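For reference, the chains in residue letters:
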Amino acid sequence: MKFSISSSLLCSRVQTISRVQSSKSSLAILDCVLFNLSEGGLQLTASDSETTIVTNLEVLEADGYGKIAIDSKQLINSIKEISDQPITFVINPDTFQIEIIYQNGKYNIIGQNGEEYPVPTRVVSDQKNVVIPADTLFSGISRALFATADDELRPQMNGVYFDLTTDFITLVASDGHKLVRNRILSVRSDDNSAFILPKKPSNMLKNILPKEQGDAVIRFDERNAEITLDNYTISCRLIEGRYPNYNSVIPKDNPFRVTVDRISLISALRRVSVCASVSSSLIKLHLDANTLTVSAQDVDYSTFAEEHVMCEYDGMSMSIGFNGPFLLEVLNSIVSQEVVLELADPSRAGVVVPAEQTENEELIMLLMPMMLQD
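Every residue gets a number counted from 1 within its own chain, in the order that chain's sequence is written. In keeping with the predicted nature of the model, local features appear solely for residues at pLDDT of at least 70, side-chain atom pairs appear and are counted solely at 80 or more, and the whole-chain, interface and lining totals rest on all residues. Side-chain metrics in this entry use all non-hydrogen atoms of the structure; hydrogen atoms and water are not considered.

**Student:** Hey, could you go over the environment of serine 25 for me, with residue numbers and the actual values?
**Tutor:** As for its placement among the helices and strands, serine 25 is situated in the loop between helix H1 (7–17) and strand S2 (32–38). Serine 25 sits 56 residues away from glutamate 81 along the chain, and the two C-alpha atoms are 27 Å apart. By the convention used here, residues are in contact when the closest approach between their heavy atoms is within 4.5 Å. With near-sequence residues (within four places) excluded, serine 25 lies in contact with Leu30 and Asp31. Numbered from the N terminus, helices here are DSSP runs of H or I no shorter than four residues, and strands are runs of E no shorter than two.

And the structure:
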């Protein structure tokens, strides 16, 4: 088996798909990328047994067909310093000896039998599907992913929940402290259904989608999902179980609304949080007429910081505490110039929404408060 291909294209694709591989793989062959050369071109596959990513490349020329598994780290280290040029792979199907020939030299490495590479679980024939523009899916996943949990007791919280209806689709993530609900009003499903996409394939999509155009087609059944893009296909096992009723925890009647410049608030939080308690990361927000005071202190080290941020607020004076890093994550996941904080009292969750919603989206973020010290 012999084929030639662009060195830069091959290196880029191998680096992208190899991110799915686990550092503690149970099968040695899963440290490899599967090369499958056929009449349709070259197909590359990487997997950790639960999540599999496939990409197809055009070859410059080919002689013979077959499969070979090549260690991804060894391959990347071999070709990443080669300038963009055609490189040729000559593979002995009996010994799995691989000769990589380029303009000024060559490498000789040993592969593994490609026929032993695990076959990914496929979505069954009676699957459901939804079509989402790639940029819209990227926006939804990147805004929700930070709020997913790492909870062994509640695995349903460890992924992004896709709630599909005939009116719109909703992406939800929560770890019990913060919650993101992003409705995509421009995408609808043929019927009502839902699934929980695990964190790892969600992260893979977040890295891949900015380079993709067109639509993402998501096919899924009760146990598995397959996301097809222009250049990649990701298949994975879904998280089983029922996702909590997220709508029930979002307050509907927060009477106090604060409109504030998002970047100004982020900058103030970063400066003030230097003096926050290491154990709690508590940040105090105090509201007065058109003024938001951000403060933090660490009693153990006698440190204190306070900063005033101009805002639009005409309600009664009140104070509420939040975890500083959590609040920063929420604000960094919003793209509008101004945000609105909707508050009720120091014991109830605060809602953060963009002052101007992105077209065809309805984004709400929820953050649980922390108890203030008297």
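**Student:** I'd like a rundown of the packing of helix H5 (residues 262–272) against helix H6 (residues 324–332), residues and numbers included.
**Tutor:** Two elements in contact, H5 and H6, have axes separated by 10 Å at closest approach and are oriented at 155°. In this view, H5 runs roughly antiparallel relative to H6, as classed from their interaxial angle. As for the relative orientation of H5 and H6, their crossing is left-handed in sense. Contact with H5, carried on its side by Arg262, Leu265, Ile266, Leu269 and Arg270, involves Leu327, Leu328, Leu331 and Asn332 of H6 and no other residues of that element. Each residue gets one of three labels, nonpolar for Ala, Val, Leu, Ile, Met, Phe, Trp, Tyr, Cys and Pro, charged for Asp, Glu, Lys and Arg, and polar for the others, Gly among them. The residue makeup of the contact of H5 with H6, split by class, is 6 nonpolar, 1 polar and 2 charged. Think of each axis as a best-fit line through the C-alpha atoms, taken over the contacting stretch in the case of a helix, with angles from 0 to 180 degrees between the N-to-C directions. For classification purposes, an angle smaller than 35 degrees is called roughly parallel, one larger than 145 roughly antiparallel, one from 65 to 115 roughly perpendicular, and anything else oblique. Left-handed describes a crossing whose near helix is turned anticlockwise from the far helix through less than a right angle; right-handed describes the clockwise counterpart.

**Student:** Tell me about the nonpolar core, residues and numbers included.
**Tutor:** In terms of nonpolar packing, the biggest core is built from 97 residues, with Phe35, Phe89 and Phe162 touching the most fellow members. Top contributing element to this core by residue count: H5, with 5 residues. Not counting chain neighbours up to four residues away, the residues in contact with phenylalanine 89 comprise Met1, Lys2, Phe3, Ile5, Leu10, Ile70, Leu75, Ile98, Glu99 and Ile100. Among the nonpolar cores identified, the runner-up in size contains 16 residues, and Val172, Val340, Val351 and Val353 belong to it. Here, nonpolar core means buried Ala, Val, Leu, Ile, Met, Phe, Trp, Tyr and Cys residues that are tied together by side-chain atoms lying within 4.5 Å of each other. Only protein chains enter the calculation, and the probe is 1.4 Å; a residue is then buried if its accessible area is under 20% of its type maximum, exposed if over 50%, and partly exposed in between.

**Student:** So what's going on with the packing of aromatic side chains? Which residues, and what values?
**Tutor:** Only Phe, Tyr and Trp rings are paired, with Trp represented by its six-membered ring, and only when their centres lie within 6.5 Å; those with planes under 30 degrees apart are stacked, over 60 edge-to-face, the remainder tilted. The full count for this structure, using the stated rule, is 9 aromatic pairs. Residues phenylalanine 35 and phenylalanine 89 carry aromatic rings whose centres are separated by 5.9 Å and whose planes lie at 35° to one another, so their mutual orientation is tilted. Pair noted here: phenylalanine 35 is in strand S2 and phenylalanine 89 is in strand S7 (residues 86–91), with a separation of 54 residues, a long-range link. For the pair formed by phenylalanine 35 and phenylalanine 89, the shared burial category is buried.

**Student:** Quick one: what's the story with unusual backbone geometry, residue by residue and with numbers?
**Tutor:** Despite not being glycine, phenylalanine 96 shows a phi value in the positive range, around 65°. Structurally, phenylalanine 96 is set in the loop between S7 and strand S8 (97–102). The class for phenylalanine 96 is partly exposed, based on a relative accessible area of 22%. Positive phi values are uncommon outside glycine, yet asparagine 290 reaches one of about 55°. Summarising the element assignment, asparagine 290 is placed in the loop between strand S20 (282–288) and strand S21 (291–298).

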